Amino acid sequence: EDQVTQSPEALRLQEGESSSLNCSYTVSGLRGLFWYRQDPGKGPEFLFTLYSAGEEKEKERLKATLTKKESFLHITAPKPEDSATYLCAVQGRRANNLFFGTGTRLTVIP
Amino acid sequence: GAGVSQSPSNKVTEKGKDVELRCDPISGHTALYWYRQSLGQGLEFLIYFQGNSAPDKSGLPSDRFSAERTGGSVSTLTIQRTQQEDSAVYLCASSVQGNQPQHFGDGTRLSIL
């Protein structure tokens, strides 16, 4: 059965204080691992797709990495506007849908 | 360009009533998904449409839930005889095809009194 565990559940950072969010997964034949950002009252906003171990993607202050068991979302020198819930999801070989974790709620304090 | 559009944005109804939720996917996207997000829970898959193929209904929680997609574009999710546990945000997503990134609408917040 597909499983996605995200940690920590919540993270408070000072502006400029870099950190990492973790996504551990179990899936039968990974077709893709996806990172999304979700603001309150909004739908998830697509950030990255990673397809194979060793792959990395970057966008502004965010960098996503992937191993065979987990993915990290590294946030470098975060700003208050980076405050949001970050969701990780996997798509397995046999699935049409994404299987989501419960997210990490990030708060960046000025 | 236009993103995924969902309506209504909020719906309040009484227990036992039927509700219809609408989704307009991104133009040209052949895959369409419905998910449900309850407070403190991850997104839960409901149903998937791909082109003219039979939908994947494996995530529908009961036979009170159904969905259709007309003309390969707009989709409607129907919940019959609503129950209080149906209260949640219902999210629609579309993608170019089944294994590509999914793009979400802002959802319909459904409250059952």
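Predicted model, so just to flag it, every value in this text is computed and none were measured.

(A) The layout of surface pockets, seen in detail. Taken as a whole, the largest pocket encloses approximately 830 Å³ of empty space. Lining the largest pocket are 34 residues, with Q38 of chain A together with Q37, S38, L39 and G40 of chain B positioned closest to its centre. Among the secondary structure elements, those contributing two or more residues to the lining of the largest pocket are β9 (84–92) and β11 (104–109) of chain A together with β8 (88–95) and β10 (108–112) of chain B. In terms of residue count, β10 of chain B provides more of the lining of the largest pocket than any other element does, 4 residues in total. For the lining of the largest pocket, the class distribution of residues is 10 nonpolar, 18 polar and 6 charged. Put simply, the second largest pocket is a space of about 210 Å³. Lining the second largest pocket are 14 residues, with F99, F100 and T102 of chain A together with G42 and L43 of chain B positioned closest to its centre. The residue inventory of the lining of the second largest pocket, partitioned by class, reads 6 nonpolar, 7 polar and 1 charged.

(B) The state of the cysteines, seen in detail. A full pass over the atoms with the stated rule returns 2 disulfides over all chains. Between the sulfur of C23 of chain A and that of C88 of chain A lies a disulfide, 1.9 Å long from S to S. Sign of the S-S torsion, about -65 degrees for the bond between C23 of chain A and C88 of chain A, identifies this disulfide as left-handed. In this pair, C23 of chain A is assigned in strand β3 (residues 19–26) and C88 of chain A in strand β9, connecting sequence segments 65 residues apart. Side by side, C23 of chain A and C88 of chain A carry an identical accessibility label, which is buried. Disulfide pairing is shown between C23 of chain B and C92 of chain B; the S-S distance is 1.9 Å. Of note, the bridge from C23 of chain B to C92 of chain B carries an S-S torsion of about -65 degrees and is left-handed in sense. Of this pair, C23 of chain B sits in strand β3 (residues 19–24) while C92 of chain B sits in strand β8, and the two are 69 residues apart along the sequence.

(C) Structural view of the interface of chain A and chain B. At the junction of the two partners, chain A supplies 19 residues and chain B supplies 20 residues. Applying the counting criterion to the chain A and chain B interface returns 1 salt bridge. Put simply, K42 of chain A and D106 of chain B hold a salt bridge, and the shortest N to O gap is 3.8 Å. Applying the counting rule to chain A against chain B returns 5 residue pairs in polar contact (both at pLDDT 80 or more). Contributions of two or more residues to the side of chain A that touches chain B are made by β4 (30–38), β5 (45–50) and β9 of chain A. In terms of residue count, β4 of chain A provides more of the side of chain A that touches chain B than any other element does, 4 residues in total. Residues that form the side of chain A that touches chain B fall into these classes: 8 nonpolar, 9 polar and 2 charged.

(D) Structural context of the pairing of β10 of chain B. Residue and element names in this part refer to chain B. Burial along β10 is one-sided: T108, L110 and I112 are buried, while R109 and S111, pointing the other way, are not. Bridge count between strand β2 (residues 10–13) and β10: 4 bridges; the pairing is parallel. The partner of N10 across the bridge, within β10, is R109. Direction of pairing for β8 relative to β10: antiparallel, over a ladder of 3 bridges. Its bridge partner being in β10, A88 is matched across the sheet by L110.

Definitions and limits used
Residues numbered from 1 in each chain as written. Chains lettered and ligands numbered in written order. Predicted model: local features only at pLDDT ≥ 70, side-chain atom pairs only at ≥ 80, totals over all residues. Heavy atoms only, no water. 1 Å grid on protein atoms, 1.4 Å probe; cavity = no way out; pocket = protein on both sides within 12 Å on 5 of 7 lines; lining within 4 Å. Points joined across faces, edges and corners; volume = space filled by probe spheres on them. Helix = DSSP H or I, 4+ residues; strand = E, 2+ residues; numbered from the N terminus. Nonpolar A, V, L, I, M, F, W, Y, C, P; charged D, E, K, R; others polar. Disulfide = S-S within 2.5 Å. Buried < 20%, exposed > 50% of the residue type's maximum accessible area, 1.4 Å probe, protein only. Contact = heavy atoms within 4.5 Å. Salt bridge = Lys/Arg side-chain N within 4 Å of Asp/Glu carboxyl O. Polar contact = N/O pair within 3.5 Å; in protein donor to acceptor, adjacent residues only side chain to side chain. Pairing = 2+ DSSP bridges.

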